[in-house]
Amino acid sequence: MASPSTNAPFKVVALLLALLSISSTAFASDSPFIVAHKKVSLKKLNPATERVSVVIDIYNRGSATAYDVSLTDDSWSHDVFDSIIGNTSKSWDKLDAGSLVSHSFDLDSRLKTIYYGAPALITFRVPMKANLQEAYSTPILPLDVLADRAPQKTFDLSLLAKYGSQISVIAIVAAFAHLIAAPSKSSTAKLNNKRH
């Protein structure tokens, strides 16, 4: 069996190797990490036209700044969408670590179809690398443009006006009964302390 003094050099070497691997991992992770989320919503303007609103949020989840950040979302077919309100591309000088930028635009369509969109492309520069880096946004679900949708049922306020006072009285009585029937925690704790 080895004495503690002979194991000491091995422990020091193991500790140095562990610190070296941790520091190299920390230096390697000192870069931007771009995450982009693409959201789409549909709104019927009239029976023949539907508006598609697109919002793209770009996050820098890394520990360094991304430079020359550029967003391009040219996946929208001119055969399906008649007009574009706003720009499908945008650029920023930099995106600091932990920050967020957003871009939005709208499209109008008069064609009834199911549309499959592609993710948006984000390019950026990292100070230590010469090549442009690429990231993609999340994909979107297929869009059912000008689909026949059932009207959404909203909460009927007339029911609240008609039965609201009765519901509130029942709720107050139930809360009072619960307070009376359930022992409080402090009195239960006092009883347990007295027993011990």
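Structural notes, computed from the coordinates. Quick caveat, the model's predicted, so the values are computed rather than measured. (Residues numbered from 1 in each chain as written. Predicted model: local features only at pLDDT ≥ 70, side-chain atom pairs only at ≥ 80, totals over all residues. Heavy atoms only, no water.)

### Examining unusual backbone geometry
And step 1. In this model, D68 sits at a positive phi of 50°, which is unusual for a non-glycine residue.
And step 2. Relative to the helices and strands, D68 is located in strand β3 (residues 66–72).
And step 3. Look at D68 and you get partly exposed, because its relative accessible area is 43%. (Helix = DSSP H or I, 4+ residues; strand = E, 2+ residues; numbered from the N terminus. Buried < 20%, exposed > 50% of the residue type's maximum accessible area, 1.4 Å probe, protein only.)

### Here's the deal with the sheet that holds strand β6 (residues 100–109)
And step 1. In spatial order, the strands read β1-β2-β6-β4; together these four strands make up an open sheet with antiparallel pairing. Since the sheet does not close on itself, it has two edges, and those belong to β1 (34–46) and β4 (81–85), each with one partner. Strand-to-strand twist of the sheet, defined as the mean angle between neighbouring strand axes without regard to direction, takes the value 20°.
And step 2. When β4 meets β6, the two strands line up antiparallel, connected through four bridges. Looking across to β6, one finds that I85 is bridged to D106. (Pairing = 2+ DSSP bridges. Axes fitted to C-alpha atoms, helices over the stretch in contact; angles between N-to-C directions.)

### A short note on the pattern of salt bridges
And step 1. Applying the stated rule across the entire model yields six salt bridges.
And step 2. A salt bridge links K94 to D96, with the shortest nitrogen-to-oxygen separation between them at 3.9 Å. (Salt bridge = Lys/Arg side-chain N within 4 Å of Asp/Glu carboxyl O.)

### Focus: the sheet that holds strand β9 (residues 133–136)
And step 1. With antiparallel pairing, the four strands of this open sheet are ordered in space as β5-β3-β8-β9. Looking along the sheet, the strands with just one partner apiece sit at the ends: β5 (89–95) and β9. Between one strand and the next, the sheet's axes are offset by a mean angle of 20°, whatever the strand orientation.
And step 2. As paired strands, strand β8 (residues 121–125) and β9 are joined by four bridges and run antiparallel to one another. Bridged to I122 within β9 is A135.

### Thoughts on the packing of aromatic side chains
The description of two aromatic rings rests on the distance between their centres and on the angle between their planes.
And step 1. Taken as a whole and judged by the stated rule, the model has four aromatic pairs.
And step 2. Aromatic side chains W76 and F105 sit 6.5 Å apart centroid to centroid with 80° between the ring planes, which places their arrangement in the edge-to-face category. Residue W76 is located in the loop between β3 and β4, and its partner F105 is located in strand β6; the two are separated by 29 residues in the primary sequence. Comparing W76 with F105 shows no difference in burial state: the two are buried.
And step 3. Each ring, one from F81 and one from Y115, has its centre 5.1 Å from the other, and the planes form 85°; the classification is edge-to-face. One end of the pair, F81, is in strand β4; the other, Y115, is in strand β7 (residues 113–115), with 34 residues separating them in the sequence. Each member of the pair, F81 as well as Y115, carries the same accessibility label: buried. (Phe/Tyr/Trp six-rings, centres within 6.5 Å; stacked < 30°, edge-to-face > 60°.)

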